[in-house]
Amino acid sequence: MESLFLTRVLDALRSGGDEVLFVQDGVETGYAQAFDLVRRMYAGLPERGVVAIDAGNRPETVLLQIAAQLRGATVLLVAASASSPDRLAAVEAAGVTTLVTERPSDWPAGDPRVITLDELMDRDGTDPAGLPASVTVVFPTGGTTGAPKLIRHSGIYDGMAHIFAPDPAGPGRTLLIAPMTHMTGNATVLGAILGRESVVLLRGFDAGTVLDAIVEHRITALSLTPARLAEVLDHPAVTTSDVSSVRRLSLGAAPLPPRRLAQAIEVFGPVVGQGYGLTEAPMIASISSAELSGRPERLESVGRIVPGMEARIDDGEVLVRGLSMMVGYHGSAPIGDGWLRTGDLGRFDDEGYLYLLDRANDVIITGEHGTKVYSTVVENALARHPLIRSAAVFGVPGEGGEGERVHAVVVASGALSAEEVRAHAREFFGREHFVPSEVDFAGALPLTAIGKVDKRALREPFWAGHRRHIA
């Protein structure tokens, strides 16, 4: 049996003709042109093996993935956010046999596995000779809390072939901001191809550029992380930009402060939905604007568990299993029907809505009684202040390295003192252990390449010299 995913992707590329698939920097690439690029790269790739792809957001990146999959190869997508040691480690751990890159200088000189993307495209095209039964893609984890693991996905791609179809409302135009080499960006662009849509590619994130692209290209769908949504909502042009073309705004990657979700619905209309997933299990829960209407308490929820998935709470932690699960970690036994520990702390309400409290490793143990403070709870409280645009809260070592203190980094839209921030937290919680012991101010919070707040970067200076990052 041939892969349903590859069958549908090829059908879209072959039948799309002159319809626009990609738009980048004013240059359009049609479906027929894209198929020609796939044929060229297919001709230059060996059968099977493991092909690593190291490239940014450009049409060739995802088309190379398709060409390698047509060859029956396992694909390793080199994470845009990974450090050089982590990139090298991922390539070696995955057993890469061919490494295609747009930046050959980033890799060891003389490595016979390395070929440039431009070299690979400079071939005469060849039609695929039959289709493999399945595809496998390996994703390194984001790396914000430690060394990345390699995550193998297979069945989710055939799942995409069942889920994504042309929109009855007409061809959509998707704005791609997340890296194609991350699960969110990868699923977004492949879903657009399966739906015969156009994809407007951005090489990086800038709030003003996002708003300009929505207006210029009449974007119908986009995804944003909470940190990036905050920048868009706070941009001066948001009040004058026509965003009425947007049919779907998906939010995810981290819990969203309730006031930001309400603000997003106010700006974009009832097209905003929040999702919860991991690279290991991309689709776990979701919630739509309709479910929030008249239910303000649900603004803090990531939604109900999606069909085909199950979740339960064990000692405060969310465990999941089901159809969107990874095959397993590279080098380990397949996870099968087993439960995955997400590392997220959460609770369900009586109607089955899931509320995330924090990452398990973001729990701050503070005070003389070792009280647990969930950083996301403090961040959401700080975000209620009218002058606080965004905030990151994390634990830092106490005096002499004993115990932990609550520390906050705040982005403010006006004059604000540390004591005012502390007073706001004190008034909201009524308990001193939730109040940040220190508050720093920044023009912006550091983000990883996929748009998450990089708490690892924020924490590191405070924990330098400590044997453990917990006290």
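Reading the values: rules and limits
- Residues numbered from 1 in each chain as written.
- Predicted model: local features only at pLDDT ≥ 70, side-chain atom pairs only at ≥ 80, totals over all residues.
- Heavy atoms only, no water.
- Axes fitted to C-alpha atoms, helices over the stretch in contact; angles between N-to-C directions.
- Helix = DSSP H or I, 4+ residues; strand = E, 2+ residues; numbered from the N terminus.
- Parallel < 35°, antiparallel > 145°, perpendicular 65-115°, else oblique.
- Left-handed = near helix turned anticlockwise from the far one by under 90°.
- Contact = heavy atoms within 4.5 Å.
- Nonpolar A, V, L, I, M, F, W, Y, C, P; charged D, E, K, R; others polar.
- Buried < 20%, exposed > 50% of the residue type's maximum accessible area, 1.4 Å probe, protein only.
- Salt bridge = Lys/Arg side-chain N within 4 Å of Asp/Glu carboxyl O.
- Phe/Tyr/Trp six-rings, centres within 6.5 Å; stacked < 30°, edge-to-face > 60°.
- Lys NZ or Arg CZ within 6 Å of the ring centre and 35° of its normal.
- 1 Å grid on protein atoms, 1.4 Å probe; cavity = no way out; pocket = protein on both sides within 12 Å on 5 of 7 lines; lining within 4 Å.
- Points joined across faces, edges and corners; volume = space filled by probe spheres on them.
- Pairing = 2+ DSSP bridges.

Caption draft 1: Representation of the packing of helix α6 (residues 155–163) against helix α7 (residues 183–194). At a minimum axis separation of 9 Å, α6 and α7 run at an interaxial angle of 40°. With respect to each other, α6 and α7 are oriented oblique. Considering the relative orientation of α6 and α7, their crossing is right-handed. Side by side, α6 and α7 meet where Tyr 157, Met 160 and Ala 161 of the first sit next to Asn 186, Ala 187, Leu 190 and Leu 194 of the second. Here the contact of α6 with α7 is built from residues that sort into 6 nonpolar, 1 polar and no charged.

Caption draft 2: View of the side chain of Arg 459. With respect to the helices and strands, Arg 459 occurs in helix α14 (residues 455–463). Arg 459 sits in the buried class, given a relative accessible area of 15%. Apart from residues no more than four positions distant in its own chain, Arg 459 is found in contact with Asn 361, Asp 362 and Phe 394.

Caption draft 3: Representation of the pattern of salt bridges. A complete count under the given rule lists 33 salt bridges for this structure. A salt bridge links Glu 102 to Arg 103; the shortest N-O distance between them is 2.8 Å. Taking relative accessible area as the criterion, Glu 102 reaches 29% and is therefore assigned partly exposed. Residue Glu 419 pairs with Arg 422 through a salt bridge whose shortest N-O separation is 3.2 Å. Note that Glu 419 and Arg 422 are positioned in helix α13 (residues 418–429) at a spacing of 3 residues, about one turn of the helix.

Caption draft 4: Broad picture of the packing of aromatic side chains. One pass over the full model with this rule turns up 4 aromatic pairs. Ring geometry for Phe 394 against Phe 462: centres 5.8 Å apart, planes inclined by 55°, an arrangement best described as tilted. Of this pair, Phe 394 sits in strand β23 (residues 388–397) while Phe 462 is found in helix α14, placing the two residues 68 residues apart along the sequence. By relative accessible area, Phe 394 is classed as buried at 1%. Taking the centre distance of 4.4 Å and the plane angle of 15° together, the rings of Phe 429 and Phe 434 count as stacked. Each of the two residues, Phe 429 as well as Phe 434, counts as buried. A connected cluster of aromatic rings, assembled from ring pairs, spans Phe 428, Phe 429 and Phe 434. Directly above the ring of Tyr 31 sits Arg 196, whose terminal nitrogen or CZ lies 6.0 Å from the centroid. Between the NZ or CZ atom of Arg 347 and the centre of the ring of Tyr 355, over which it lies, the distance is 4.3 Å.

Caption draft 5: Focus on empty space enclosed by the protein. Following the criterion strictly, the structure yields 2 cavities of 30 Å³ or more and no others. When its volume is computed, the second largest cavity comes out at roughly 40 Å³. Surrounding the second largest cavity, Leu 175, Leu 176, Ile 177, Ala 178, Thr 184, Thr 188 and Ser 223 form its lining. Taken together, the elements giving at least two residues each to the lining of the second largest cavity come down to β9 (173–176) and α7. Looking at the lining of the second largest cavity residue by residue, the classes come out as 4 nonpolar, 3 polar and no charged.

Caption draft 6: Highlighting the sheet that holds strand β4 (residues 74–77). Judged by pairing direction, the sheet is mixed, and its 7 strands sit side by side in the order β6-β5-β3-β4-β7-β8-β18 without closing on themselves. Sheet topology places β6 (114–116) and β18 (328–329) at the edges, where each strand pairs with a single neighbour. Where strand β7 (residues 137–140) meets strand β8 (residues 150–153), 4 bridges bridge the pair, whose relative direction is antiparallel. Bridge pairing in β8 places Val 138 opposite Arg 152.

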